[in-house]
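A structural walkthrough
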Amino acid sequence: MKKLISFFIFFYIFLFSYAYFMDIGTLEVKYLHQNYPITYIENLFLSLFGYNNISLRLPSLILSIISVFLYYQISKRYLKSTKDIYLSVIIFALMPGFIIASLLFNKSIYIIFLVLFFIYLFLYYRFLSYIILIVYTIVDYSFFTLYLSLIFYSIYKKDTKFLIFSIILFMINANYFNYTIGGKPKGHFIDVLLIYFSIFSPFVFIYFVYALVKSMKKPTLLWFISSISLLFSILLSFRQKIKIDDFAPFVIISVVFMLAVFLKDYKIRLKPFRKFYKQLFLFLFLSLSLFDIVLFVSPYILNNKIFTQFNYSKNIYIFCKTKYINYIKCNNHTLCQKLYFYGLKQGNDYFINFDNKTKKVSISHNNKVLYNFYVSKLNKK
């Protein structure tokens, strides 16, 4: 247990440090200005701890830590060996999708926490889990996949009461959020598949699907939640563009099944025939670790809008403050929202022109350009 705790102390010190140097992202600033339940939680933390990078990600990081604890408790019900349980929790935490959810202000980490909380209650305090399910009907529309999974689970278990209960909750959730399905095939299947590759890392995702298929003979609640969510998201992608954060949190939670399948395949074989599985595990774990490393360094080496959005807004803010520039307008609305987050105010004193391709910034006053610089270097010209 000490080694596991030490690992996660180091892990979260690194995540907190990384979050400190990540500027507010485009989706994060949009979330702050929309009417989501998580926005109220976020604004509470920002009002208490100030408008900065750590305060922005603090709720996500706290929920990430709690989710790891919940996953540890859940893994104890599916794995027998203490070492296997530790390994399950570590692999879950190292999933790129979980790391991204932990680092950003987004709803994914909230959904991961809530679904893990439900599973934990379902395994340890069954009655309370039913109450939580009722509450979830008005929390977010993405929980329709959870209720859909519970419908299939109750059919498999031949539990008529739970089936009726799940159908009622599904209908309440669908009606409350007015969820609709439509559209024509537009080739979004490949996009969704690539996103799942990035959430799990490519080779791990392939083995993950294999593990889900192999577990079909003895499915559990966790299996139904992940399998139905994965299958439904893929099927739905043929009809319309989906929001992956409505499905991925329900899929990623079944890492424990992947490990359980692997350990079963490994342990039923005699020692002379275990070499392949040792090599397979090493390959999958190294590929996962390598993918994580690429994920962390990409914002600093790749000139792609997906990554560069996190590393220039605070530099512009600092430059403006050193030049006593406080009231601004921008040609880029999102950039202005980011700068307002750090402390600049809306006004007509200065105009900031931002070229999204070249990352060149021009600051003018009374139609006269005062400063030109590139955000990567911040060299005054």
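Now for a quick tour of the structure. Just so you know, these numbers come straight off a predicted model, no measurement behind them.

1. Brief notes about the nonpolar core
- In terms of nonpolar packing, the biggest core is built from 128 residues, with Met95, Phe98, Phe118, Leu146, Tyr196, Phe200 and Ile363 touching the most fellow members.
- At 13 residues, the largest contribution of residues to this core is made by helix α7 (residues 108-124).
- Not counting the four nearest positions on each side in its chain, phenylalanine 98 is found in contact with Tyr12, Ser64, Ser67, Val68, Phe92, Ala93, Ile109, Ile112 and Ile252.

2. Side note on the side chain of glutamate 42
- In this fold, glutamate 42 is placed in helix α3 (residues 37-49).
- Buried and unpaired, glutamate 42 has arginine 57 as its nearest opposite-charge partner, separated by 7.3 Å.
- When near neighbours in sequence (up to four residues on either side) are disregarded, glutamate 42 contacts Leu32, Ser55, Leu56, Arg57, Pro59 and Phe105.

3. Some details on the packing of aromatic side chains
- A full pass over the atoms with the stated rule returns 54 aromatic pairs.
- With 6.1 Å between their ring centres and 35° between their planes, phenylalanine 14 and tyrosine 18 make a pair best called tilted. Separated by 4 residues within a single helix, phenylalanine 14 and tyrosine 18 lie in helix α1 (residues 2-21), roughly one turn from each other.
- Ring geometry for phenylalanine 200 against phenylalanine 205: centres 5.5 Å apart, planes inclined by 45°, an arrangement best described as tilted.

4. So, a nonpolar patch on the surface
- Together, Tyr20, Phe21, Leu290, Ile293, Val294, Val297, Tyr300 and Ile301 give the surface a local cluster of nonpolar side chains, amounting to about 850 Å² of exposed area.
- Every element with two or more residues in the nonpolar patch is listed here: α1 and α16 (275-301).
- Ranked by the residues each element gives to the nonpolar patch, the list is headed by α16, at 6 residues.
- Take isoleucine 293: it is sitting in helix α16.

5. Description of the sheet that holds strand β2 (residues 345-346)
- Sheet architecture is open: 5 strands sit in the order β2-β1-β3-β4-β5, paired in mixed fashion. Whereas interior strands pair on both sides, the edge strands pair on one side only; in this sheet they are β2 and β5 (368-374).
- Judged from the 2 bridges that link them, strand β1 (residues 327-330) and β2 form a sheet pairing that is parallel. Residue pairing across strands places isoleucine 328 opposite glutamine 346, the latter belonging to β2.
- Strand contacts of helix α19 (residues 333-342): β1, β2 and β3 (350-355), with the helix running at about 155° to β1, the strand carrying the most contacts.

6. Some details on empty space enclosed by the protein
- The final tally for this structure, using the stated rule, is 2 cavities of 30 Å³ or more.
- Taken as a whole, the largest cavity encloses approximately 140 Å³ of empty space.
- Around the largest cavity, the lining residues are Ile91, Val204, Tyr207, Met258, Leu259, Phe262, Phe281, Leu284, Phe285 and Leu288.
- Within the residue set of the lining of the largest cavity, elements represented by two or more residues are α12 (202-214), α15 (255-267) and α16.
- If one sorts the elements of the lining of the largest cavity by residue count, α16 sits on top with 4 residues.
- Class assignment for the residues of the lining of the largest cavity results in 10 nonpolar, no polar and no charged.
- Lining the second largest cavity we find Tyr18, Met22, Pro299, Tyr300, Phe310 and Asn311.
- Of the residues contributing to the lining of the second largest cavity, the split by class is 5 nonpolar, 1 polar and no charged.

7. A word on the layout of surface pockets
- Its volume calculated, the second largest pocket comes out at about 660 Å³.
- Lining the second largest pocket are 19 residues, with Lys218, Phe257, Ala260, Val261 and Lys264 sitting closest to its centre.
- Secondary-structure elements contributing two or more residues to the lining of the second largest pocket are α4 (53-78) and α15.
- If one sorts the elements of the lining of the second largest pocket by residue count, α15 sits on top with 8 residues.

8. Comments concerning the packing of helix α11 (residues 188-200) against α12
- α12 packs onto α11 with a crossing angle of 100° between their chain directions and a minimal axis gap of 7 Å. Taken together, α11 and α12 sit at an angle that is classed as roughly perpendicular. Taken together, the residues of α12 that come into contact with α11 (itself represented by Leu193, Tyr196, Phe197 and Phe200) are Pro202, Val204, Phe205, Ile206 and Phe208.
- Grouping the constituent residues of the contact of α11 with α12 by class yields 9 nonpolar, no polar and no charged.

The rules we used
- Residues numbered from 1 in each chain as written.
- Predicted model: local features only at pLDDT ≥ 70, side-chain atom pairs only at ≥ 80, totals over all residues.
- Heavy atoms only, no water.
- Core = buried A, V, L, I, M, F, W, Y, C linked by side-chain atoms within 4.5 Å.
- Buried < 20%, exposed > 50% of the residue type's maximum accessible area, 1.4 Å probe, protein only.
- Helix = DSSP H or I, 4+ residues; strand = E, 2+ residues; numbered from the N terminus.
- Contact = heavy atoms within 4.5 Å.
- Lys, Arg positive; Asp, Glu negative; His and termini not counted.
- Salt bridge = Lys/Arg side-chain N within 4 Å of Asp/Glu carboxyl O.
- Phe/Tyr/Trp six-rings, centres within 6.5 Å; stacked < 30°, edge-to-face > 60°.
- Patch = residues over 30% accessible without salt bridge, like charges linked within 9 Å, V, L, I, M, F, W, Y side chains within 5 Å.
- Areas by Shrake-Rupley, 256 points an atom, 1.4 Å probe, with all protein chains shown as cover.
- Pairing = 2+ DSSP bridges.
- Axes fitted to C-alpha atoms, helices over the stretch in contact; angles between N-to-C directions.
- 1 Å grid on protein atoms, 1.4 Å probe; cavity = no way out; pocket = protein on both sides within 12 Å on 5 of 7 lines; lining within 4 Å.
- Points joined across faces, edges and corners; volume = space filled by probe spheres on them.
- Nonpolar A, V, L, I, M, F, W, Y, C, P; charged D, E, K, R; others polar.
- Parallel < 35°, antiparallel > 145°, perpendicular 65-115°, else oblique.

Read these as geometric descriptors, not functional statements.
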